[in-house]
Amino acid sequence: MLYLTAFLWSLPWIIPPLVTYFRLRHSRSLDDESDIPLENPPLVSVILPARNEAHNIARCVSSILSTTYPNLELIVVDDNSTDGTAQIARDAAQGDPRARVITCPPLPDGWFGKQWACATGAKVARGSVLQFTDADTVHGADLVTRSTNAMRHARTQLFSVVGRQELGGFWERVIQPQIFTILAMRYGGTESVTKATRVSNKIANGQCIFVTHDSYDAIGGHAAVRTSAAEDLMLAHRFFAARKRVVLMLGLHQLSTRMYGSLREIISGWRKNVFAGGLDSVPFGKVGRTMFPLFLLMPPLMELLPPLALVLAAFGLAAGSTLLLWAAISCAATLLWWIVAYVKVRESPLYALAYPLGALVLLYIFLSAVIRGRRVSWKGRTYISQ
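Residues numbered from 1 in each chain as written. Predicted model: local features only at pLDDT ≥ 70, side-chain atom pairs only at ≥ 80, totals over all residues. Heavy atoms only, no water.

Engineer: Could you give an account of unusual backbone geometry, with specific residues and numbers?
Structural biologist: The phi torsion of most residues other than glycine is negative, and most of the peptide bonds are trans. Positioned with a positive phi, N40 is a non-glycine residue whose angle comes to about 55 degrees. Locating N40 in the fold gives a position in the loop between α1 (2-24) and β1 (44-50). Taking the relative accessible area as the measure of exposure, N40 reaches 70% and is therefore exposed. Phi is positive for N80, which is not a glycine, with a value near 55 degrees. Counting through the fold element by element, N80 comes out in the loop between β2 (72-78) and α3 (85-93). (Helix = DSSP H or I, 4+ residues; strand = E, 2+ residues; numbered from the N terminus. Buried < 20%, exposed > 50% of the residue type's maximum accessible area, 1.4 Å probe, protein only.)

Written as structure tokens, this is what we have:
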């Protein structure tokens, strides 16, 4: 009876990872799409907003211009950078006639900076397909070709690619997988998102979004999501609400991103939108939004409770055979999940041992985000998400 009770108590730590694993297995990949361009391929306008991205912009621009896609223009929108981003982008383009760098007009009231830069780029884009991307991305030569082929096959108006996350340092390896696991538990794999029938279950990856230009204009473009902390999520919602098809696909060999390079960047980066942006994806209306802080804090708390119980028991502050057995089973189940996760992303499974540390930092990020509410600070600007 002792073992059965402890096992039943451990089910919340066993079942969610298993369900997530099986939901992820059905994800579709760009690898299955042709890398041969369409006959008479449409012009694709790649719009790259950049604000103080001197450390990223050259790598990104060079990778975009290395494409094998035959009909492309690149528009770098310099959002009033103070670190030479614009000139570095020009130097990286090496006079390529497909690329141009434009300066973003002053930010108007009621706009987030990224949305304003994207809208500025879209206004001068000539392509029938727009690709919005971030400066911290690296694009494979076949990304645009495979993506436009996928758009044609799926007959979609918004197509988004989930790439590989580059994990350069200790804190990236310990914290970033925690974030993406929570997203996977919430949304599932690409097919779960693509086949979702509720708008709250739709999501896009702002690091790489393709849209048809006419559909983008029809939904109001980035002006329609100008006050959202998670503009990619809300674009997916706007397209779906307008009865336009939204498709998500993996592109692990076609796109990579190193989002943050230090603990400080990780905390600042996720704190800016994990709560304010997450509110837009909560189901069940006002009730769901009211309960969202609890839902947000639950994953790191769930990870921390079993190891905390074991630590307290080691100091004689917790007792009970059932409690200790529950803690041991739950810790073992969580550790096994992280071992599998790190092996899957080709990182050392030894990082799985640090999962309580990652959960602790995550709890701090989420708590501080909840305290900040809808106030968002990023790159020297402060916004109020609405």
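Picking up where we left off.
Engineer: Got a sec to walk through the pairing of β1? Specific residues and values, please.
Structural biologist: Looking down a regular strand, the side chains alternate between one sheet face and the other. Most of β1 sits out of view: 7 of its 7 residues are buried. Across the two faces of β1 the burial is the same, with V44, V46, L48 and A50 and S45, I47 and P49 all buried. Note: β1 against β2, 7 bridges, orientation parallel. Bridge assignment links P49 to a residue of β2, and that residue is V77. In the classification by handedness, the crossover that spans β1, the intervening helix α2 (residues 57-65) and the parallel β2 is right-handed. Looking at chain direction, β1 and strand β4 (residues 129-133) are connected through 4 bridges and run parallel. Across the sheet, residue I47 finds its bridge partner in β4, namely F132. (Pairing = 2+ DSSP bridges. Right-handed = clockwise from strand over helix to strand, strands pointing away.)

Engineer: Outline the side chain of N56, supporting the account with residue identities and numerical values.
Structural biologist: Note on placement: N56 falls in the loop between β1 and α2. Classification of N56 by relative accessible area gives buried; the value is 14%.

Engineer: Hey, could you go over the pattern of salt bridges for me, with residue numbers and the actual values?
Structural biologist: Under the defined criterion, the tally for this structure stands at 14 salt bridges. Of the charged contacts, one joins R28 and E33 as a salt bridge, the two residues approaching to 3.5 Å between their closest N and O atoms. According to the relative accessible area criterion, R28 is partly exposed, its value standing at 35%. Accessibility expressed as a relative area gives 7% for E33, which makes it buried. In this structure, the salt-bridge partner of R100 is E73, at a minimum N-O distance of 3.4 Å. One end of the pair, R100, is in strand β3 (residues 99-103); the other, E73, is in strand β2, with 27 residues separating them in the sequence. A residue is classified by how much of its surface remains accessible, and R100, at 33% relative accessible area, is partly exposed. Each of D35, D142 and R146 takes part in salt bridges that share partners, so that together they form one network. (Salt bridge = Lys/Arg side-chain N within 4 Å of Asp/Glu carboxyl O.)

Engineer: Report on the packing of α2 against α3, specifying residues and quantitative values.
Structural biologist: Two numbers describe how α2 lies on α3: the axes approach to 8 Å, and their chain directions differ by 35 degrees. Pair α2 / α3 crosses with right-handed handedness. Taken together, the residues of α3 that come into contact with α2 (itself represented by I57, A58, V61, S62 and L65) are T85, I88, A89, A92 and A93. (Axes fitted to C-alpha atoms, helices over the stretch in contact; angles between N-to-C directions. Left-handed = near helix turned anticlockwise from the far one by under 90°. Contact = heavy atoms within 4.5 Å.)

Engineer: Give me helix α12 (residues 321-344): which residues, what numbers.
Structural biologist: In an α-helix, one turn spans 3.6 residues, which is why side chains three or four residues apart end up on the same side. Between its terminal C-alpha atoms α12 stretches 35 Å, which fits the 34 Å expected from 24 residues at 1.5 Å a residue. Burial in α12 covers these residues: L325, W326, A327, S330, C331, A333, T334, W337, W338 and Y342. A positive backbone phi angle near 60 degrees is found at R346, which sits one or two residues after α12. (Expected span 1.5 Å × (residues − 1).)

Engineer: A description of the pairing of strand β11 (residues 375-378) should follow, citing residues and the corresponding values.
Structural biologist: Taken together, the 4 bridges between β11 and strand β12 (residues 381-384) define a ladder with antiparallel strand orientation. Within the sheet, the bridge partner assigned to R375 lies in β12 and is I384. Taken together, β11 and the strand that follows it, β12, pair antiparallel across an intervening segment of 2 residues, in which K379 is found at a positive phi of about 55 degrees.

Engineer: Run through the environment of L158, naming residues and quoting values.
Structural biologist: By the element assignment, L158 lies in strand β6 (residues 158-162). Note: C-alpha distance between L158 and L304 (146 residues apart in sequence) is 38 Å. For L158, the residues in contact, after removing those within four places along its chain, are A204, I209, F210, V211, L235, A236, F239, R245, V246 and V247.

Engineer: With reference to specific residues and values, describe the packing of helix α11 (residues 285-314) against α12.
Structural biologist: Interhelical geometry of α11 versus α12 gives an angle of 130 degrees and a closest axis separation of 8 Å. One element, α11, and the other, α12, form an angle in the oblique class. Considering only the axes of α11 and α12, their crossing is left-handed. Facing α11, whose interface residues are E303, L305, P306, P307, A309, L310 and A313, α12 presents L324, W326, A327, A328, S330, C331, T334 and W338. Across the contact of α11 with α12, the residue classes tally to 12 nonpolar, 2 polar and 1 charged. (Parallel < 35°, antiparallel > 145°, perpendicular 65-115°, else oblique. Nonpolar A, V, L, I, M, F, W, Y, C, P; charged D, E, K, R; others polar.)

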